[in-house]
Amino acid sequence: MEFFSLTDIGLVRKKNQDSYITVYNENHDLLVLVCDGIGGHKAGEVASSEIVKYFGEVFSSHKGFRDDEDVITYLKYHVRVASNIVYKMSLENSEYEGMGTTITGILISSIGSYVVNAGDSRVYGYGNHELHQLTKDHTYVNELIDRCIITPEQAKTHPKRHYLTRFLGVYEDASCDAYKVSGFNEYYLVCSDGLHGYVPYEFIKKTIEDRNMSLISKTTTLLKKAISEGGYDNITLVLINMTGGNKHE
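Participant: Before we move on, could you go through the packing of helix H1 (residues 44-60) against helix H2 (residues 68-92) and cite the residues and values that matter?
Facilitator: As a packed pair, H1 and H2 sit with axes 10 Å apart at the nearest point and diverge in direction by 135 degrees. The angle between the axes of H1 and H2 places the two elements in the oblique class. H2 is crossed by H1, and the crossing has right-handed handedness. Between H1 and H2, the residues in contact are Val46, Ala47, Glu50, Ile51, Tyr54, Phe55, Val58 and Phe59 and Tyr74, His78, Val79, Val81, Ala82, Ser83, Ile85, Val86 and Met89, respectively. Each residue belonging to the contact of H1 with H2 can be placed in one class, and the counts come to 14 nonpolar, two polar and one charged.

Participant: Which residues make up the nonpolar core, and what are the values?
Facilitator: Core analysis: the biggest nonpolar cluster contains 31 residues, and Ile51, Phe55, Leu75, Ile103 and Leu107 have the highest contact counts within it. Contributions of two or more residues to this core are made by strand E2 (18-24), strand E3 (30-36), H1, H2, strand E4 (103-109) and strand E5 (112-118). Discounting residues that sit within four places of it in the chain, phenylalanine 55 has contacts with Leu31, Leu33, Ser60, His78, Val79, Ala82 and Ile103. Grouped together as the second largest cluster of nonpolar side chains are 19 residues, Tyr124, Tyr126, Leu195 and Ile235 included.

Participant: Account for the packing of helix H6 (residues 201-209) against helix H7 (residues 215-228), with residues named and values stated.
Facilitator: Axis separation between H6 and H7 bottoms out at 9 Å; the angle between their running directions is 160 degrees. Between H6 and H7, the angle falls in the class roughly antiparallel. The crossing of H6 and H7 is right-handed. Note on element contacts: H7 touches H6 through Lys218, Thr221, Leu222 and Lys225, opposite Phe203, Ile204, Thr207, Ile208 and Glu209. Class assignment for the residues of the contact of H6 with H7 results in four nonpolar, two polar and three charged.

Participant: Account for the environment of arginine 80, naming residues and giving values.
Facilitator: The residue arginine 80 is located in helix H2 in this model. Taking C-alpha positions, arginine 80 is 5.6 Å from alanine 174, a pair spaced 94 residues apart along the chain. Apart from residues lying up to four places away in sequence, arginine 80 is in contact with Asp173 and Ala174.

Participant: An account of the environment of arginine 211 is needed here, citing residue identities and associated values.
Facilitator: Among the structural elements, arginine 211 can be located in the loop between H6 and H7. A relative accessible area of 57% means that arginine 211 is categorised as exposed. Once you skip the residues sitting within four places of it in the chain, arginine 211 turns out to touch Glu186 and Lys218. Side chain to side chain, arginine 211 and glutamate 186 meet in a polar contact 2.7 Å long.

Participant: Explain H7 to me, using residue names and the numbers behind them.
Facilitator: One turn of the α-helix equals 3.6 residues, which is why residues spaced by three or four share an orientation. A rise of 1.5 Å per residue sets the reference length of H7, with its 14 residues, at 20 Å; its end C-alpha atoms lie 20 Å apart and thus fit the reference within 8%. When we look at burial in H7, the residues that qualify are Leu215, Lys218, Thr219, Leu222, Leu223 and Ala226. An end-on view of H7 places all buried positions within 130 degrees of arc, on one side of the element. For H7, the exposed residues lying more than 90 degrees away from the buried face are Lys224 and Ser228. Immediately beyond the C-terminal end of H7, within one or two residues, lies glycine 230, with a positive phi of roughly 130 degrees.

Conventions used here
Residues numbered from 1 in each chain as written. Predicted model: local features only at pLDDT ≥ 70, side-chain atom pairs only at ≥ 80, totals over all residues. Heavy atoms only, no water. Axes fitted to C-alpha atoms, helices over the stretch in contact; angles between N-to-C directions. Helix = DSSP H or I, 4+ residues; strand = E, 2+ residues; numbered from the N terminus. Parallel < 35°, antiparallel > 145°, perpendicular 65-115°, else oblique. Left-handed = near helix turned anticlockwise from the far one by under 90°. Contact = heavy atoms within 4.5 Å. Nonpolar A, V, L, I, M, F, W, Y, C, P; charged D, E, K, R; others polar. Core = buried A, V, L, I, M, F, W, Y, C linked by side-chain atoms within 4.5 Å. Buried < 20%, exposed > 50% of the residue type's maximum accessible area, 1.4 Å probe, protein only. Polar contact = N/O pair within 3.5 Å; in protein donor to acceptor, adjacent residues only side chain to side chain. Expected span 1.5 Å × (residues − 1). Arc of directions from axis to C-beta.

Worth remembering: the numbers are spatial, not functional.
This is how it looks when you write it as structure tokens:
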């Protein structure tokens, strides 16, 4: 397995509110998380960095997993604990009031791969010449799409397209999606909406499947494309090649 990670402030934002982590546990399972501090709230970068800090500490000392239920229970439990830590920080310091973050990632273990998600960052899987979005966006417009009130095309320009329905840290409790990935994927891409919100699906797919590009080149190309499209948001991505042999952090 090989992976490469990049983050960039973009061309518009004054702070990079994205945080990410790539960490192994004692069983050499890999956890990759991307957290995007909620824009418009105070200290979004504090919220996202606290979440990845927490998971770095608890996951690095973990011994390994027994079965699917063990993994899913672990992810959901620690998302709630991490969210509550951020929430309590916001109560204790007025500068942190209202801060929050999304969380999205993948846990690659000896018994399978598992997605965790709350918010609108994404995990993609590439396999059998297809790129699939493995996470569901927790947004107001996505709920409207599910209820057939608007179309995906209308969602792109909807005035409430950035409204989140799930996130961490803002309230005392939080929930997330956590489930096992079916089938084999040659690549996984974990990214904030600063990438997938501006880089077309077809460009992501063609870049990942290009056999003439190294993993570093693929990742750099995707970042540069997001910036060339305006760089309106912070951009973070981790690209994982399941058949590669080296890691680059």
